[in-house]
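Each chain is listed here by its residues.
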Amino acid sequence: MAGPIRVTVHPPSPSGGRRVRVDGEILGLAYNVTDVAEFLRRAGLEIDPADVAQLPWIDWRGVGPEHWGPEA
C-alpha cells in the first residue's frame, strides 16, 4: 500500500445502514461494526470488530459507530 488507508463511514441512510468507503472506493452498506470489519478484511486488513470504533483512521461522518439506523 502506498500510504495510510483512508476509511470513511458515511451517515446512516434514510432506510438504515451506512456506506463504507475505503481509499475512495465504496465497498458496501454496513449495518454494524462487524460489517465494517468485514469490509476492511476484504480490503486486506484483519481488524477485530471490537476495535473498529476506536480506530483513529476511520472517519465516522455525521454520527459515531453506535448509530446505524435511519436518521431521525
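Criteria and cut-off values
- Residues numbered from 1 in each chain as written.
- Predicted model: local features only at pLDDT ≥ 70, side-chain atom pairs only at ≥ 80, totals over all residues.
- Heavy atoms only, no water.
- Buried < 20%, exposed > 50% of the residue type's maximum accessible area, 1.4 Å probe, protein only.
- Helix = DSSP H or I, 4+ residues; strand = E, 2+ residues; numbered from the N terminus.
- Pairing = 2+ DSSP bridges.

Draft legend 1. Geometry of the pairing of strand 2 (residues 18-22). Alternating positions in strand 2 separate cleanly, Arg18, Val20 and Val22 being buried on one face and Arg19 and Arg21 remaining unburied on the opposite face. Across three bridges, the pairing between strand 1 (residues 7-9) and strand 2 is antiparallel. Within strand 2, the residue paired with Thr8 across the bridge is Arg21. Here five bridges tie strand 2 to strand 3 (residues 25-30), and the two strands are oriented antiparallel to one another. Looking across to strand 3, one finds that Val20 is bridged to Gly28. Where strand 2 folds back onto strand 3 in an antiparallel hairpin, the turn is made up of two residues, including Asp23, whose phi is positive at roughly 50 degrees.

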